[in-house]
Amino acid sequence: MSSVLYDLPGPRAQARNKALGVLAAFGLVGLVGFIGYRFWATGQFEGAKWEWLLYENLQVLLLDALGATLAAFVVGALLALAFGLLFAVARLSEHAWLRMPAFAVVEFFRAIPLVVMIFFLFFAAPRAGLQLGAFWSLVVGLMLYNGSVLAEVFRAGVLAVPRGQREAADALGLRKNQVMRAVLLPQAVRVMLPTIVSQLVVLLKDTALGFLITYHELLDAARYLGSLTEFDRPIIPSAIVIAAIYITLCLALSWLAGYLERRNRRRRRSGPALPTPDLRGVRADLPA
Amino acid sequence: MFDVLVDNRDLFVTGFLNTILLFLLSAVGALALGTLLAAMRVSPVPALRLTGAGYVNTFRNTPLTLVFFFFAFAYPRLELVDLSFFTRAVLALTVYTAAFVCEVVRSGVNTVDVGQAEASRALGFTFVQTLTAIVVPQAVRSVVPPMTSVLIALLKNTTIAAGFSVAEAGQITPALSERGAPLLIGFFWIAVGFLILVIPLTAMQRNLEKRWSVAR
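Please read all numbers here as calculations on a predicted model, not as lab measurements.

Where do I start with the overall build of chain B in this structure?
A tally of helices and strands in chain B yields 9 helices and 0 strands. Going residue by residue from the N terminus, the α and β elements of chain B occur as α-α-α-α-α-α-α-α-α. With the principal axes as the frame, chain B shows a C-alpha extent of 70 × 45 × 25 Å. Across the 216 residues that make up chain B, the buried fraction comes to 42%. Put simply, 73% of the contacts in chain B that link residues at least 6 apart link residues at least 24 apart.

Below is the structure:
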């Protein structure tokens with residue numbers, strides 16, 4: 001296969017690539033081997049450090065932590081989707097008094113680091129007489145930030161719907177609200193589904209920030225397990241287990257996003273063309 | 001209003017200086033490591049391609065807080081070189097952001113039309129000439145806007161270091177809370193600080209995007 005960078009390899013290039021491959025494999029094995037050796041030398045692979053996995057109460061603790069992470073994710077995702085829809089519609093409104101504040105809110109919450117937001121909610125709410133607690137500080141923070149990003153995603157989706165759709169709906173005498181609900185949003189959501197799901201992956205990863213405000217989620221469980229002296233403080237084994245759980249969850253969601261994208265593309269070939277949304281400046285955010 | 005800023009200027013100054021320092025160091029590290037990974041991912045050597053892909057998939061699906069957690073609590077147990085919390089925060093940010101830099105660079109290279117490189121090879125350009133005269137100039141155009149987004153996100157992500165004993169902008173709120181200072185006004189000033197840092201980056205991004213979108 002010819003690529004931008006190199007042509008189909010001839011016999012000399014093939015030999016060179018093979019040699020490079022062997023060299024690279026050696027280098028990588030050396031690197032991984034060194035890390036593995038450090039793990040082994042400091043006793044991370046010893047049975048004693050992994051024994052905790054066999055204890056039922058610790059398994060339950062791990063499950064509880066997973067439940068807490070998923071609870072924050074589900075509640076945060078639902079609120080963020082609602083927030084996003086609301087503010088996307090407000091930003092598309094014909095009334096300036098609605099459009100302007102919505103614009104300011106969305107831009108503000110996208111610009112503030114999520115950690116700062118969560119800390120503010122967590123530390124400031126009790127002073128205002130509001131007992132938010134760790135869970136709601138985390139969830140509200142997730143809602144405000146990811147909701148603002150999703151608002152931009154929904155808006156880009158609505159703007160990408162061909163103009164004729166809105167004109168036809170207007171011509172049929174639908175109300176503004178009906179045009180939005182029955183014609184524009186369903187199409188926008190379908191086009192944007194892969195982007196929406198990948199933003200949800202971001203939200204899932206961001207739930208780990210709850211660790212910083214002592215919400216008892218997966219990372220907090222890792223810290224607790226890692227401090228157990230009766231298992232020789234297995235912080236590395238517990239971090240590995242928690243990382244595996246996170247990666248599995250995120251890969252499953254990412255896979256869903258990829259599947260939806262592939263399905264969209266497949267449909268595009270047969271059915272009417274789906275509009276390509278202008279995503280510049282929308283996904284301006286890297287997950288935390 | 002201003003007295004909160006003035007009374008706690010020690011917090012704000014060290015906080016934002018550390019944020020900027022963290023950002024600059026890890027940006028350089030992430031750009032270097034990310035470009036190297038991208039080179040691996042587009043190379044003709046399967047072993048390198050696989051490693052690059054594995055790295056990106058692992059780190060893109062791991063929360064940054066977990067990466068920080070690993071460097072803060074697990075790294076010392078490996079009894080390698082002793083590093084300060086600050087250095088480890090830079091490492092965590094570098095290792096994590098490199099995965100995103102890699103994807104931006106890789107997709108930038110892939111936006112260049114294959115015909116361009118084929119034409120240059122037909123004209124007898126060498127690999128290095130093709131790369132520097134044909135591919136890179138075109139790839140940069142599609143790389144810079146998303147790369148700016150990655151950098152803005154990196155800037156915001158530095159605040160996670162506050163949770164791991166690095167006195168930076170994210171730590172201002174807890175510290176103010178401890179001093180009993182008004183938090184809402186403190187929050188306002190932190191927000192202003194981040195806006196001052198982010199706006200030049202966004203302006204640059206808009207500017208380059210506008211200038212280059214016409215040329216395509």
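Looking at this model, I keep getting lost on the overall build of chain A. Mind explaining?
Looking only at helices and strands, one finds 10 helices and 0 strands in chain A. Taken against the 2.2 N^0.38 rule, which gives 19 Å for 288 residues, the C-alpha radius of gyration of chain A at 25 Å runs more than 25% over that of a compact globule. Along the first, second and third principal axes, the C-alpha atoms of chain A reach 75 × 70 × 30 Å. Counting across all 288 residues of chain A, residues that qualify as buried make up 39%. When contacts within chain A are restricted to residue pairs at least 6 apart in sequence, long-range pairs at least 24 apart make up 75% of them.

What should I look at first to understand the environment of Phe 87 of chain A in this one?
The residue Phe 87 of chain A is located in helix 3 (residues 56–91) in this model. Residues Phe 87 of chain A and Leu 70 of chain A, 17 residues apart in the sequence, show an inter-C-alpha distance of 25 Å.

How do you make sense of helix 4 (residues 96–111) of chain A when you look at a structure like this?
Structural remark: α-helix, 3.6 residues per turn; residues separated by three or four positions point the same way. With 16 residues, helix 4 of chain A ought to run about 22 Å at 1.5 Å a step, and its terminal C-alpha atoms sit 22 Å apart, in line with that. Of the surrounding elements, those touching the buried residues of helix 4 of chain A are helix 3 and helix 6 (133–160) of chain A.

Could you clarify how one ought to interpret the confidence of the model for chain B in this entry?
Low-pLDDT stretches of the model should not have their predicted coordinates read in fine detail. All names here are of chain B. Taken residue by residue, chain B gives an average pLDDT of 87. The fraction at 70 or more is 98%. Within chain B, the element-level pLDDT minimum falls on helix 1 (residues 2–7), averaging 80, and the maximum on helix 5 (residues 85–111), averaging 92. Here the complex is predicted with pTM 0.87, and the ipTM for its interfaces comes to 0.85.

Could you clarify how one ought to interpret the packing of helix 5 (residues 114–124) of chain A against helix 8 (residues 172–179) of chain B in this entry?
The geometry of a pair of packed helices is captured by two quantities: the angle between their axes and the separation between those axes. Look at helix 5 of chain A against helix 8 of chain B: their axes get within 9 Å of each other, and the N-to-C directions meet at 20°. The pairing of helix 5 of chain A with helix 8 of chain B is recorded here as roughly parallel in orientation. By crossing handedness, the relation of helix 5 of chain A to helix 8 of chain B is classed as right-handed. Between helix 5 of chain A and helix 8 of chain B, the residues in contact are Val 116, Phe 119, Phe 120 and Phe 123 of chain A and Thr 173, Pro 174 and Ser 177 of chain B, respectively. Among the residues forming the contact of helix 5 of chain A with helix 8 of chain B, the class breakdown is 5 nonpolar, 2 polar and no charged.

Please clarify how unusual backbone geometry should be interpreted in this entry.
Note: most residues except glycine have negative phi, and most peptide bonds are trans. We note that Thr 214 of chain A has phi near 60°; this positive angle belongs to a residue other than glycine. Inspection of the secondary structure assignment puts Thr 214 of chain A in the loop between helix 8 (176–206) and helix 9 (218–226).

Would you explain the interface of chain A and chain B in this entry?
Counting residues at the interface gives 48 residues for chain A and 56 residues for chain B. Broken down by secondary-structure element, the contributors of at least two residues to the side of chain A that touches chain B are helix 1 (11–41), helix 5, helix 9 and helix 10 (235–270) of chain A. Per element, the largest residue contribution to the side of chain A that touches chain B is 10 residues, and it comes from helix 10 of chain A. Partitioned by chemical class, the residues of the side of chain A that touches chain B number 35 nonpolar, 7 polar and 6 charged.

Each value, and the rule that gives it
Residues numbered from 1 in each chain as written. Chains lettered and ligands numbered in written order. Predicted model: local features only at pLDDT ≥ 70, side-chain atom pairs only at ≥ 80, totals over all residues. Helix = DSSP H or I, 4+ residues; strand = E, 2+ residues; numbered from the N terminus. Buried ≥ 20, exposed ≤ 12 C-beta atoms within 10 Å, placed from the backbone. Contact = placed C-beta atoms within 7 Å. Rg over C-alpha atoms; globule rule 2.2 N^0.38 Å. Expected span 1.5 Å × (residues − 1). pLDDT = per-residue confidence, 0-100. Axes fitted to C-alpha atoms, helices over the stretch in contact; angles between N-to-C directions. Parallel < 35°, antiparallel > 145°, perpendicular 65-115°, else oblique. Left-handed = near helix turned anticlockwise from the far one by under 90°. Nonpolar A, V, L, I, M, F, W, Y, C, P; charged D, E, K, R; others polar.

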